[in-house]
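Single-letter residue listing:
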Amino acid sequence: MGETAKIERAFREHPESVGESYVGHAKQANKIGWLMIGTGFCCLVHAVFPFLFKRTASQRIRYLGMVAKKRRPGAHLEA
């Protein structure tokens with residue numbers, strides 16, 4: 001296998017394993033990454049001002065858990 005084929009495979013292997021294209025996977029990963037960064041910021045603000053962002057972290061963690069479960073191959077077969 002040539003170097004170009006190895007590089008292409010490296011970029012395709014994981015996205016295809018979760019049923020996505022490279023671009024689709026990149027978009028989803030960016031969305032989740034920015035959501036996590038924003039959630040972290042809210043947690044830091046909440047640490048100083050406990051009356052702000054009272055439920056933000058727990059709501060977003062639940063949302064991310066649902067997204068992860070939905071994206072897992074075979075998740076639709078779970079009860």
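Residues numbered from 1 in each chain as written. Predicted model: local features only at pLDDT ≥ 70, side-chain atom pairs only at ≥ 80, totals over all residues. Heavy atoms only, no water.

1. Side note on the packing of aromatic side chains
Right, on to step 1. Scanning the entire structure with this criterion turns up 2 aromatic pairs.
Right, on to step 2. Considering the side-chain rings of Phe 11 and Tyr 22, the 5.6 Å spacing of their centres and the 70 degrees angle between planes classify their relative orientation as edge-to-face. Of this pair, Phe 11 sits in helix 1 (residues 3-17) while Tyr 22 sits in helix 2 (residues 22-48); the two residues are 11 residues apart in sequence, bridging distant segments of the chain.
Right, on to step 3. On the basis of relative accessible area, Phe 11 is assigned to the partly exposed category, the value being 46%.
Right, on to step 4. With a relative accessible area of 47%, Tyr 22 lands in the partly exposed category.
Right, on to step 5. For the pair Phe 49 and Phe 51, a centre-to-centre distance of 5.9 Å together with 70 degrees between the ring planes defines the contact as edge-to-face. (Phe/Tyr/Trp six-rings, centres within 6.5 Å; stacked < 30°, edge-to-face > 60°. Helix = DSSP H or I, 4+ residues; strand = E, 2+ residues; numbered from the N terminus. Buried < 20%, exposed > 50% of the residue type's maximum accessible area, 1.4 Å probe, protein only.)

2. Digging into the environment of His 14
Right, on to step 1. For His 14, the position within the fold is in helix 1.
Right, on to step 2. Residue class for His 14 comes out partly exposed when judged on its relative accessible area of 44%.
Right, on to step 3. Put simply, His 14 and His 25 are 11 residues apart on the chain and 9.0 Å apart in space, counted from C-alpha to C-alpha.

3. A few points about the pattern of salt bridges
Right, on to step 1. Summed over the entire model, instances satisfying the criterion amount to 4 salt bridges.
Right, on to step 2. Close ionic contact of Glu 3 with Lys 6 constitutes a salt bridge, the shortest N to O distance being 3.8 Å. Of this pair, Glu 3 and Lys 6 both sit in helix 1, 3 residues apart, which is roughly one turn of the helix.
Right, on to step 3. On the accessibility criterion, Lys 6 (42% relative accessible area) is partly exposed.
Right, on to step 4. Residue Glu 8 pairs with Arg 12 through a salt bridge whose shortest N-O separation is 3.9 Å. In this pair, Glu 8 and Arg 12 both sit in helix 1, 4 residues apart, roughly one turn of the helix.
Right, on to step 5. Within the structure, one salt-bridge network assembled from shared partners comprises Glu 8, Arg 12 and Glu 16. (Salt bridge = Lys/Arg side-chain N within 4 Å of Asp/Glu carboxyl O.)

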